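Each chain, written out:
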Amino acid sequence: MAQWQMPNGENPVRTAVRFPMRLPIRIQTEQGELEAMTENISANGLLFVSDHLPRVDSRIEFTIAMPAAVMGTTNDVTIHCIGRVVRHYLQNGTKKAAAVIDEYSLKA
């Protein structure tokens, strides 16, 4: 069962600006694939919601299509990411997870 951890205020170590973006993603985990929706994204990580969350400290892999308007390009930019879940919490009945991005690559 997932461990629920409530964040304690703002993270003073956070160095990247978060952009509020609701984008659908499919997350690959060691237990299989799950559907999720991002809430915000930064250069270092993302916050996502899903009915089923990967365990804290588990490795995740996902590909996300960043909208052209956000990226300042003529086409959407697809980014493949590998990261890990760092915390869970429950907010107004919604399951949320924060993940850091350890590696990423742009896809053509």
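First, a word on scope: everything that follows refers to the structure included in this document. (Residues numbered from 1 in each chain as written. Predicted model: local features only at pLDDT ≥ 70, side-chain atom pairs only at ≥ 80, totals over all residues. Heavy atoms only, no water.)

1. Let's talk about the side chain of His80
Within the secondary structure layout, His80 lies in strand β6 (residues 77-91). Residue His80 is classed as buried on the basis of its relative accessible area, which comes to 18%. A distance of 3.0 Å separates the side chain of His80 from the side chain of Thr63, its partner in a polar contact. Setting aside anything within four residues of it in sequence, one finds His80 in contact with Glu61, Phe62, Thr63, Glu103, Tyr104, Ser105 and Lys107. (Helix = DSSP H or I, 4+ residues; strand = E, 2+ residues; numbered from the N terminus. Buried < 20%, exposed > 50% of the residue type's maximum accessible area, 1.4 Å probe, protein only. Polar contact = N/O pair within 3.5 Å; in protein donor to acceptor, adjacent residues only side chain to side chain. Contact = heavy atoms within 4.5 Å.)

2. A look at the pattern of salt bridges
Evaluated as defined, the whole model comprises six salt bridges. In this structure, Arg55 engages Glu30 in a salt bridge whose closest nitrogen and oxygen atoms are separated by 3.6 Å. Remark: Glu30 occurs in the loop between β2 (24-29) and β3 (32-41) and Arg55 occurs in the loop between β4 (45-49) and β5 (59-66); sequence separation between them is 25 residues. Overall, the relative accessible area of 57% leaves Glu30 in the exposed class. Residues Glu61 and Arg59 are paired through a salt bridge, measuring 3.2 Å at the closest nitrogen-oxygen approach. Of the residues examined, Glu61 reaches a relative accessible area of 23% and is grouped as partly exposed. You can call Arg59 partly exposed: its relative accessible area is 41%. One salt-bridge network, in which partners are shared between bridges, spans Arg26, Glu33 and Glu35. (Salt bridge = Lys/Arg side-chain N within 4 Å of Asp/Glu carboxyl O.)

3. Some points on the pairing of β2
What you see with β2 is a clean split: Ile25, Ile27 and Thr29 sit on the buried side and Pro24, Arg26 and Gln28 on the side with no burial. Relative to β3, β2 runs antiparallel, the two sharing six bridges. If you follow Gln28 over to β3, its bridge partner there is Glu33. Between β2 and the antiparallel strand that follows it, β3, lie two residues. In the sheet, β2 pairs with β5 via two bridges, with the strands oriented antiparallel. (Pairing = 2+ DSSP bridges.)

4. Quick notes on the environment of Gln91
Tracing the backbone through its elements, the reader meets Gln91 in strand β6. The class for Gln91 is partly exposed, based on a relative accessible area of 34%. In this structure the side chain of Gln91 is engaged in a polar contact, spanning 2.3 Å, whose partner is the side chain of Lys96.

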